[in-house]
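The chain contents come next:
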Amino acid sequence: MSDTQSQIENRPPSVAALFLERIEATPDGEAYRYPVPSATGSGPDEWRSYSWAEAARRVFAIAAGLLDLGIETEQRVAIASSTRVDWILCDLGVLCAGAATTTVYPSTNAEETAYILADSDSRVLIAEDTTQLAKARRQRAELPELAHVVVIDPGGAPLAEDGDPEGWVLSLDELIQRGEAYLEKHPQAVKEKVAALRADQLATLIYTSGTTGKPKGVRLPHDNWSYMGKAIAAQGLVERDDVQYLWLPLAHVFGKVLTAGQIEVGHVTAVDGRVDKIIENLPVVQPTYMAAVPRIFEKVYNGVAAKARAGGGAKHKIFLWAADVARAYARTTQDNYRRTGSATAPAGLRIKHAVADKLVYGKLREAFGGRLRACVSGSAALAPDIGYFFAGAGIHILEGYGLTESSAASFCNPGEGYRTGTVGKPLPGCEVRVAEDGEILLRGPGIMQGYHGLPEKTDEVLESDGWFHTGDIGELSEDGFLRITDRKKDMFKTSGGKYVAPAEIEGQFKAVCPYVSSILVHGADRNYCTALIALDEAALMGWAAEHGMAGREYAEVVASPQVRELIGGYVERLNAGLQRWQTIKQFRILPRDLDVEHGELTPSLKLKRPVVEREFGHLLEEMYTGAREQ
């Protein structure tokens, strides 16, 4: 048995146990950095740190506080909060108390929040602020099992209201005080709870963002997270002296799995979920490692392209040349590595690359903080041309793959020899096979126990021998690299009998058009394909200012004939590289961008196709009924 396999198979039963091992190994090492807004509110944030020992004191107090509230093994404690260091410490507190965390996105409305809390039988809700508290209070009649709400950041407002049961709401500081008092009487209580945990006991309930119907609770036991921590460490991508910048939503499995890997490896994580602060934070945090979703890289690429265009014709030409050189360099070096094991390029291309590096790439790397060794991209497909651009610029985006049902990380590209356009190889301990219809099946210690309270739904995707049907279509190379082509349910057949993978076409368009934010390709049982296109406001308004439309509203700009012509040119470029039956015969530009608030994107920024098709069904019908183009 290899050392890697031995480490994975001989893992402790829970990530709580891994946490205790980490505290013992590096108590004084830096664990977490977190921002504190300046006293005036106008200056830069101050970043502070917890060592592993300091984090442990807070985690143990939270765990003991929950025990004092009467929480028992495997009972659910929900967290409704944005990504912040308190989320991680509260989650670890729940796990160290032997309970299970129910994750709730802070953007979830009151009705769906109540559904999740009720379906999970959550006994305690840890709410970020009074906004999250208000959702629970509004729905309290439907939540008889919800015994307490703990508020992380009261914001100076009184928490209790008339009509609240006594002790129903308390602050996180009050919970910690209760926990500290509990530990004085029972100093070994938390460690005893951790020692008693079994691998098969429930650790986390993550509710999938349902595009139709109610969300399903995915049951992930303690062993899933212990395995993930060990497998991420064994994969070798993350190192002890790394600084990770974590901004992804922790209610999502992608963000959650990063906390397990960090505990096993022991590196520093800087935590700040404010997406509008990413650009500001990167030069301050100077991460060596960061995970993100494709939309972030698309926005950076579009922003860089727009800035170059605004700099005048010469700067724009230099950028376009440098982008072409980056892609050529990345493709060449990756191909050569695959064939020979050496990432080489011809002398002429190396010279061009060196010039482009001084003119363009170096500045781009500085914007990411100047120390970034690798990014991991997941949750949706990254357009290969965008991946090749960043790879050639020295920002290595390693695509990975997994689902909520597989604890997020099933595949990831290696640090060296990664292949843009693939999601890499399986993590140690994960098995994969491709069914006759192309569907990817997974088996291993990361797979869920099933859907909470839904045995029939579980049986639809999880076979008795452990194979999980992902619903994704893909292909494996001879040496084990996986390429995802589409979601099984998203692929469609035109009325002419031709199969179309919309995600592949959408990815190609994102690489061609620097103004696109989202695109949906449609054509199931139709005689041709069409597209709904949402544009990136910042990039488009920059273009508009240069083309005689300065001062106009966004809605007026997107409806203009000039923008129709602009986007039409990019659609023609896209079509030139497609098979005849894949080409976009008509398109409509949406009056606004798609977003989470309207339910068109999941919190991890994946497109909800049924929602978009319902919302803009009238535009789709226009394109098939002979209506005049806009």
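Read on for an overview of the structure. (Residues numbered from 1 in each chain as written. Predicted model: local features only at pLDDT ≥ 70, side-chain atom pairs only at ≥ 80, totals over all residues. Heavy atoms only, no water.)

A few words on the side chain of Thr 26. Among the structural elements, Thr 26 can be located in the loop between α2 (15-25) and β1 (30-36). Given the relative accessible area of 16%, Thr 26 is considered buried. The contacts of Thr 26, once residues within four sequence positions are left out, are Trp 52 and Arg 240. (Helix = DSSP H or I, 4+ residues; strand = E, 2+ residues; numbered from the N terminus. Buried < 20%, exposed > 50% of the residue type's maximum accessible area, 1.4 Å probe, protein only. Contact = heavy atoms within 4.5 Å.)

This paragraph deals with the nonpolar core. Grouped together as the largest cluster of nonpolar side chains are 141 residues, with contacts concentrated most on Phe 19, Tyr 32, Leu 66, Ile 126, Trp 247, Phe 368 and Phe 390. Per-element accounting of this core gives the leading share, 11 residues, to helix α3 (residues 52-68). In this structure, Cys 513, Tyr 515, Cys 529 and Val 563 belong to the second largest nonpolar core, which totals 32 residues. (Core = buried A, V, L, I, M, F, W, Y, C linked by side-chain atoms within 4.5 Å.)

Moving on, we come to the pairing of strand β3 (residues 76-80). Within β3, five of the five residues are buried, which leaves it mostly tucked inside the rest of the structure. Neither face of β3 is left uncovered, since the one carrying Arg 76, Ala 78 and Ala 80 and the one carrying Val 77 and Ile 79 both have all their residues buried. Inspection of the sheet shows β3 paired to strand β4 (residues 100-104) by five bridges, in the parallel sense. What sits directly across from Arg 76, in β4, is Ala 100. For β3 and strand β5 (residues 122-127), the ladder comprises five bridges, and the chain directions are parallel. Note on β5: the bridge partner recorded for Val 77 is Val 124. (Pairing = 2+ DSSP bridges.)

What follows is about the packing of aromatic side chains. Any two aromatic rings considered together are summarised by their centre-to-centre distance and by the angle between their planes. If you walk through the whole model with that rule in mind, you get 12 aromatic pairs. Here the aromatic rings of Tyr 301 and Phe 319 are separated by 6.2 Å at their centres, their planes lie at 50 degrees, and the arrangement is tilted. One end of the pair, Tyr 301, is in helix α12 (residues 294-310); the other, Phe 319, is in helix α13 (residues 313-340), with 18 residues separating them in the sequence. Of the residues examined, Tyr 301 reaches a relative accessible area of 7% and is grouped as buried. Here Phe 319 falls in the buried class, since its relative accessible area comes to 3%. With a centroid separation of 5.0 Å and 25 degrees between ring planes, the pair formed by Tyr 528 and Tyr 624 is classed as stacked. On the criterion of sequence distance, the pair formed by Tyr 528 in the loop between β24 (516-522) and β25 (529-535) and Tyr 624 in the segment after α22 (617-622) is long-range, its members being 96 residues apart. (Phe/Tyr/Trp six-rings, centres within 6.5 Å; stacked < 30°, edge-to-face > 60°.)

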